[in-house]
Amino acid sequence: MQFKNPELLYALFLLLIPIIVHLFQLRKFQKVYFTNVAVLKKVQLQTRKSATIKKWLTLLTRLLLLAAIIIAFAQPYLSKTNAFNTKTETVIYLDNSFSMQAKGEKGDLLKRAVQDLIETIPETETLSLITNTESYRNTTIKAIKNELLQLDYVSNQLPYDAALLKSKKAFSSDKNTLKNLIFISDFQQKKSTLNIKQDTAIAINLVQLKPVSTNNIAVDSLFVSKQDPNSLELTVVLKNNGLEVKNLPISLFDNGSLLSKASVDLDGKATAIFNIPNNKIIKGKVTIEDKQLQFDNALYFNINETSKINVLAISETNTSYLSRIFTEDEFVLTSKTTSNLDYSLFDTQNLIVIDETETLPNSLVTALKVFTDKGGAVVLIPSLKGKLSDYNTFLQRFGFAPFEALNTAEKRITTINYAHPLYANGVFEKQVDNFQYPKVNRYYPQTNTKTTAVLQFEDAKPFLSQNKSVYVFSAPINKTNSNFKNINLIVPTFYNIAKQSLNTTTLYYTIGQNNSYDVPVNIQQDRVLTLVNGTDKIIPEQNYFNNKVVIKTNDIPEKSGIYDLKNTTTILQNVSYNYNRAESNLNYINLDDVKHATVNNNITTVFENINNDTKVNQLWKWFVILGLVLLIIEMLILKYLK
């Protein structure tokens, strides 16, 4: 039992006064003698005993009456907390990620949670509500009711630790308040773990909402599996998190028009193949029908007109092998010698290949440094007759180890860095340990290099190394010195170096990941490129270079779809964005072992428990009633006890 006014209890010491008065109130009886006093003595004895009992009972009832009145004024109450003297703060985290689209017993998990909050919380109660994207501080349900009813799903769910931290920051710094955090989510299993640390200042309540079924079908991914001059083969990957589905229909659209349909039997994972015309601009969408989660039922992609990559070869030798690699349908190859080289050409190039030039003037090295700083790529192939000091000036400028004196010992190229971006994407079906090793007759050794080795000799020294956008061969690759041109490895090496010099857009990008692509366009410095989809207009992060713009996106755009990349009103190309499929798998965390938090599966029950914990049962009325009862008992004692 607790008291609102405990200082009034000091008045109980005043009860000592009537006790003291009673103890010192001694009455002397006058004796009268009779001839036979036996009967009178008996009457006197009985009268004195009765009077004493009556006085003690009267004193006791009066003391209890006064004590009841004093305690009533002190306002006693019962509560699990010191709630009468403590204010309460409530912060609610409401997970509005895509997994909350799943169907519960009463509809979508998120929509049902919103309805329960509106129905359970009093309209005037002050609280703070946090979602993955929004924060409502020190407000009421009545004030944010419309926002809650219109709350939409988002793809960028906060990690659990970040959501807890963000919610805790919504509390005030007042240590005398009772803080309740209500964390509402389905607690889907993800990369981020749920780790709740003990916090005596905040009572954490976890509300786990689960769907009635965990079956879900998703369009997982899409890629080009085959390509020829006339057609393009697209492979669509579908995943099923649940029971097997027979004859699932899949539709392929181009700019809203149906191109093709297919069906698959789906148990776990399956693929569907579509053939579309090659060299055609496609604004595509693949769709399925599934009643569980909706966000992963469609996947957007686009195929743009191919942008040709500009390659400049600076060479004093025959560069016909480059023309066979850099074909006219994908590249624009320009060949120059050092004597007729115009540095202004660099402004329009994506890749510069320095092919066995014997000298590298300082002016050329400086121009190449400016070129790479603006996003260009450079390949250096030394000459056996090259000026070593010029080469080392170049290497030092770009962060490479210097060339040592020419080594005339034959070396084999035995190590391929399969994880390197030049070879990582389908260049090799498998890693080969025993193949026809290319070799060089003479080379320039390099030691203590901190660059990335792409190809290595048998002694682990680099044959081809990379630092940022610069690639350096340590030996000439002409047929006199090497058979590197005779093996198939040369084609993917130079082809992918050129392709990566202009990072053109892919079929689609995933929202929430670090996406980057190049747009071959020259624009004025005060202009910006925009992503437009209907009424949505977004200005992404962008860096300007002479002949291209580098676009970088992460959390934007927020909505999936095909966006027009515009320079003012001109559409440069299309870019597709899709939601991350991480939430398609409906597996959930088991909260039974979670410590330092209370776990429940019903929002209404949680608020009832919190109200019961903070409920105040006032007892002063009962003490007033007790006082009245004691007053009646005293009156009865005085009247009827003889």
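It should be emphasised that the depicted structure is a prediction, and the values quoted were computed from it without experimental measurement.

Visitor: It is not clear to me how the packing of aromatic side chains should be interpreted in this structure. Could you clarify?
Guide: The description of two aromatic rings rests on the distance between their centres and on the angle between their planes. On inspection of all chains with the given rule, the structure shows 24 aromatic pairs. Where phenylalanine 463 meets phenylalanine 484, the ring centres are 5.3 Å apart and the plane angle is 65°; that geometry is what we call edge-to-face. Taken together, the residues phenylalanine 463 in strand β24 (residues 462–467) and phenylalanine 484 in the loop between β25 (470–473) and α9 (490–501) connect sequence positions 21 residues apart. Ring-pair connections join several aromatic residues into one group, and the members of that group are Tyr321, Tyr443, Phe457, Phe463, Phe473, Phe484 and Phe494. If you follow lysine 285 out to its NZ or CZ, it ends over the ring of phenylalanine 253, 5.8 Å from the centre.

Visitor: Help me out: how do you make sense of the pattern of salt bridges in this one?
Guide: A side chain of one charge can pair with a side chain of the opposite charge if their charged atoms are brought near each other. Scanning the entire structure with this criterion turns up 14 salt bridges. The residue glutamate 89 makes a salt bridge to lysine 179 at a minimum N-O spacing of 4.0 Å. Linking glutamate 89 in strand β3 (residues 87–94) with lysine 179 in strand β8 (residues 177–185), this pair joins segments that are 90 residues apart in sequence. Salt-bridge contacts for arginine 112 lead to glutamate 119; the nearest nitrogen and oxygen are separated by 3.7 Å. Assessed through its relative accessible area of 23%, arginine 112 is described here as partly exposed. One network of salt bridges, with partners in common, ties together Arg112, Asp116 and Glu119.

Visitor: Honestly, the side chain of serine 155 in this entry has me stumped. Any pointers?
Guide: Within the secondary structure, serine 155 sits in the loop between α4 (141–149) and α5 (160–168). Ignoring sequence-local partners within four residues, the contact set of serine 155 consists of Phe98, Ile511, Glu558, Tyr579 and Glu583.

Visitor: Is there a simple way to explain unusual backbone geometry in this structure?
Guide: Note: most residues except glycine have negative phi, and most peptide bonds are trans. The omega angle of the peptide bond from isoleucine 556 to proline 557 is -5°, so this bond is cis rather than trans. Tracing the backbone through its elements, the reader meets proline 557 in the loop between β31 (549–553) and β32 (561–567). In the Ramachandran plot, asparagine 138 falls in the positive-phi region, its phi being about 45° despite a non-glycine side chain. Mapped onto the fold, asparagine 138 is located in strand β7 (residues 135–140). In the Ramachandran plot, asparagine 255 falls in the positive-phi region, its phi being about 55° despite a non-glycine side chain. Structurally, asparagine 255 can be placed in the loop between β12 (245–254) and β13 (257–266).

Visitor: Hey, could you run me through the pairing of β3 in this one?
Guide: Moving residue by residue along a regular strand, the side chains alternate between the two faces of the sheet. With 6 of its 8 residues buried, β3 lies for the most part within the structure. As judged from the 8 bridges shared by β3 and β8, these two strands associate in the parallel manner. Of the residues in β8, the one forming a bridge with valine 91 is leucine 181. In terms of strand pairing, β3 meets strand β6 (residues 126–130) through 3 bridges, oriented parallel. Residue pairing across strands places valine 91 opposite serine 128, the latter belonging to β6.

Visitor: Before we go on, may I ask you to explain the nonpolar core in this structure?
Guide: The tendency in soluble globular proteins is for nonpolar side chains to be buried side by side. Counting residues in each nonpolar core, the largest one holds 48 residues, and the members touching the most others are Ile92, Leu117, Ile184 and Tyr517. For this core, the leading source of residues is helix α3 (residues 109–120), giving 6 residues. In this structure tyrosine 517 touches Asn503, Thr504, Thr505, Tyr509, Leu531, Val549, Val550, Ile551, Leu565, Gln573, Val575 and Tyr577, once residues within four positions along its chain are discounted. If you look at the next biggest cluster of nonpolar residues, it comprises 37 residues, including Ile325, Phe331, Ile477 and Phe494.

Visitor: Help me out: how do you make sense of α4 in this one?
Guide: Residues spaced three or four apart along an α-helix point in a common direction, a consequence of the helix completing one turn every 3.6 residues. Of the residues making up α4, those classed as buried are Ile141, Ile144 and Leu148. Looking straight down α4, one finds its buried side chains confined to an arc of 85°; they lie on one side. Facing away from the buried side of α4, by more than 90 degrees, are the exposed residues Lys142 and Asn146. Check the buried side of α4 and you find it contacts α3, β6 and β7.

Visitor: When you look at the side chain of threonine 287 in this model, what are you seeing that I'm missing?
Guide: Structurally, the position occupied by threonine 287 is in strand β15 (residues 282–287). By relative accessible area, which is 17% here, threonine 287 ends up buried. Here threonine 287 is in contact with Pro249, Ile250, Ser251, Phe253, Asn297 and Ala298, once residues within four sequence places are set aside.

Cut-offs applied
Residues numbered from 1 in each chain as written. Predicted model: local features only at pLDDT ≥ 70, side-chain atom pairs only at ≥ 80, totals over all residues. Heavy atoms only, no water. Phe/Tyr/Trp six-rings, centres within 6.5 Å; stacked < 30°, edge-to-face > 60°. Helix = DSSP H or I, 4+ residues; strand = E, 2+ residues; numbered from the N terminus. Lys NZ or Arg CZ within 6 Å of the ring centre and 35° of its normal. Salt bridge = Lys/Arg side-chain N within 4 Å of Asp/Glu carboxyl O. Buried < 20%, exposed > 50% of the residue type's maximum accessible area, 1.4 Å probe, protein only. Contact = heavy atoms within 4.5 Å. Pairing = 2+ DSSP bridges. Core = buried A, V, L, I, M, F, W, Y, C linked by side-chain atoms within 4.5 Å. Arc of directions from axis to C-beta.

Just geometry here; none of it tells us what the structure is for.
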